[in-house]
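Reading the structure
Here is what each chain is made of, one letter per residue.
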Amino acid sequence: MLIERALTESDLPLLALIDRSELVEECYRVENGELILYPARFDMRGWPEGEAEENARVLEKCWRSGGWLHGLFDGETLVAAVVVDNRVIHNQGLKMRQLKFLHISRAWRGQGLGGRLFALACEHGREVGAEALYVSATESRNTVEFYQRQGCRLLAQPDPELFALEPHDIHFYCRLD
């Protein structure tokens, strides 16, 4: 039985223990405002060098500034988490909040946990007055198509600051109305 709860500051190191392993065989890129699927094979094993530490710094800053962090636990083990930043982004005439983090450990995928956490993030966004969530998604086919199934749509103009941080990501928004 999974336990669902808000994450505390002491939980932040547990985010690096989520197993994000995945064999990626196809990715998307944006060309002329359209998503283009192309073959790209790589074996993502855990977190790339230094990324877990950088995530920890970014997510601690998010937590300290009033961001929303939520997790699913199997006993004491964090198996899935979602984070929504507190900073308002104005894009496409909408007030947005960024979905900063959404990961499900490999062994727990395919059970609807991602959709459940995304729905909770949307609910939180509505509660704080956001009109949409901003999603900067890894370009893997599984990730992009997951967000599309959640109702996310390609942004015509990504936020310049967020695009500069992750130019290969697919930048989406999901309306909350």
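Attention here is on the structure that accompanies the text. (Residues numbered from 1 in each chain as written. Predicted model: local features only at pLDDT ≥ 70, side-chain atom pairs only at ≥ 80, totals over all residues. Heavy atoms only, no water.)

Glancing now at the pattern of salt bridges. All told, the structure shown has 11 salt bridges when counted by the stated rule. Between aspartate 11 and arginine 5 there is a salt bridge; the shortest N-O distance is 2.6 Å. With relative accessibility at 6%, the residue aspartate 11 sits in the buried group. Residue arginine 5 is classed as partly exposed on the basis of its relative accessible area, which comes to 31%. Ionic pairing is found between arginine 64 and glutamate 60, a salt bridge with its closest N-O pair at 2.9 Å. Remark: glutamate 60 and arginine 64 occur in helix α1 (residues 51–64); sequence separation between them is four residues, near one turn of the helix. Judged by relative accessible area, which is 54%, arginine 64 ranks as exposed. A single network of salt bridges, built from pairs that share partners, joins Glu9, Glu60 and Arg64. (Salt bridge = Lys/Arg side-chain N within 4 Å of Asp/Glu carboxyl O. Buried < 20%, exposed > 50% of the residue type's maximum accessible area, 1.4 Å probe, protein only. Helix = DSSP H or I, 4+ residues; strand = E, 2+ residues; numbered from the N terminus.)

With respect to the helices and strands, valine 30 occurs in strand β2 (residues 22–31). Here the alpha-carbon distance between valine 30 and leucine 165, two residues 135 residues apart in the chain, equals 16 Å. In this structure valine 30 touches Leu35, Leu154 and Ile170, once residues within four positions along its chain are discounted. (Contact = heavy atoms within 4.5 Å.)

Compared with an ideal rise of 1.5 Å per residue, which puts 14 residues at 20 Å, α1 spans 20 Å between its outermost C-alpha atoms and is within 8% of the ideal. Contact partners of the buried residues in α1: β4 (68–74), β5 (77–91) and β6 (94–104). Following α1 by one or two positions, glycine 66 has its phi on the positive side, about 95°. (Expected span 1.5 Å × (residues − 1).)

For the rest of this paragraph, the subject is the pairing of β2. Pairing between β2 and strand β3 (residues 34–44): nine bridges, direction antiparallel. In the strand pairing of β3, glutamate 22 is matched with methionine 44. Hairpin connection, β2 to β3: the antiparallel pair is bridged by two residues, and asparagine 32 has positive phi, about 50°. (Pairing = 2+ DSSP bridges.)

This paragraph deals with the sheet that holds β5. Taken in spatial order, the seven strands of this open sheet run β1-β4-β5-β6-β7-β9-β8, and their pairing is mixed. Looking at strand neighbours, the two that pair on one side only are β1 (3–6) and β8 (153–154), the edges of this open sheet. Along the sheet, α1 makes contact with β4, β5 and β6, crossing β6 at roughly 135°. (Axes fitted to C-alpha atoms, helices over the stretch in contact; angles between N-to-C directions.)

Read these as spatial facts, not as claims about activity.
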